[in-house]
Amino acid sequence: MFLLHVEKNKLILLNREPVTSGSVNIYDVRFEFSADWEGLDQVAVFRTGCVSREVQLGTSGACLVPWEVLRVPGYQLKVGVYGKQGEEVVLPTAWVSLGMILEGVILEDVPTGGRPRRGCGSRSWPGKETA
């Protein structure tokens, strides 16, 4: 689980875990907000490369990392939060890195949703005959 403390416009990462590409609805994130955030609608924004996804936070301050930002390995996973009063953003935080997205294991016969595979091509292993 990821645990972050939100102090006005600053995010402080208290706990992290490794993340792998291809993961769906598996990584919990919890935000603990200072009194500066009382009365604001809180929205978390997750970003990797050029992909961003917003998640409206409820009273629990918890959400899951959106799967869309975990599709491609090798990028930094970042998160930020902003507070709104009505339709106006009144309190954005700075971004914080949750870490690098590691390459998840994908078997050849498992569908990848159209994304290209990183393959090794045809190889012969030492001590093995190839047909």
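Coordinates for the structure precede this section.
So, how was this worked out
Residues numbered from 1 in each chain as written. Predicted model: local features only at pLDDT ≥ 70, side-chain atom pairs only at ≥ 80, totals over all residues. Heavy atoms only, no water. Helix = DSSP H or I, 4+ residues; strand = E, 2+ residues; numbered from the N terminus. Buried < 20%, exposed > 50% of the residue type's maximum accessible area, 1.4 Å probe, protein only. Contact = heavy atoms within 4.5 Å. Salt bridge = Lys/Arg side-chain N within 4 Å of Asp/Glu carboxyl O. Pairing = 2+ DSSP bridges. Axes fitted to C-alpha atoms, helices over the stretch in contact; angles between N-to-C directions. Phe/Tyr/Trp six-rings, centres within 6.5 Å; stacked < 30°, edge-to-face > 60°. Lys NZ or Arg CZ within 6 Å of the ring centre and 35° of its normal.

### Quick look at the overall build of the protein
Item 1. Across its full length, the protein holds 0 helices and 10 strands.
Item 2. A buried classification covers 34% of the 131 residues belonging to the protein.
Item 3. Of the contacts formed within the protein by residues at least 6 apart in sequence, a portion of 59% connects residues at least 24 apart.

### Looking at the pattern of salt bridges
Item 1. According to the stated counting rule, one finds 3 salt bridges in the structure shown.
Item 2. Note that R30 and E32 form a salt bridge whose closest N and O atoms lie 3.3 Å from each other.
Item 3. Since its relative accessible area comes to 32%, R30 is described here as partly exposed.
Item 4. Classification of E32 by relative accessible area gives partly exposed; the value is 32%.
Item 5. The residue R53 makes a salt bridge to E68 at a minimum N-O spacing of 3.9 Å. Of the two residues, R53 sits in strand β6 (residues 51-57) while E68 sits in the loop between β7 (62-64) and β8 (76-85), which places them 15 residues apart along the sequence.

### Let's talk about the sheet that holds β7
Item 1. Taken in spatial order, the 4 strands make up an open sheet running β2-β1-β4-β7, and their pairing is mixed. Among the strands making up the open sheet, the edge pair consists of β2 (10-15) and β7. Taken over all neighbouring pairs, the strand axes of this sheet differ in orientation by 25° on average, direction set aside.
Item 2. Pairing geometry for strand β4 (residues 28-33) and β7, over 3 bridges, is antiparallel. Each residue of the ladder has a partner; that of R30, found in β7, is A62.

### Side note on unusual backbone geometry
Item 1. At K8, a residue that is not glycine, the phi angle is positive and equals roughly 55°.
Item 2. When you line up the elements, K8 lands in the loop between β1 (2-7) and β2.

### Observations concerning the packing of aromatic side chains
Item 1. Enumeration according to the criterion identifies 2 aromatic pairs in this entry.
Item 2. Aromatic pair F33 and W37: ring centres 5.1 Å apart, planes at 55°, arrangement tilted.
Item 3. What makes F33 partly exposed here is its relative accessible area of 22%.
Item 4. Judged by relative accessible area, which is 1%, W37 ranks as buried.
Item 5. Grouping aromatic residues by their ring pairs yields a cluster made of F31, F33 and W37.
Item 6. Against the face of W95 rests R47, its NZ or CZ located 4.1 Å from the ring centre.

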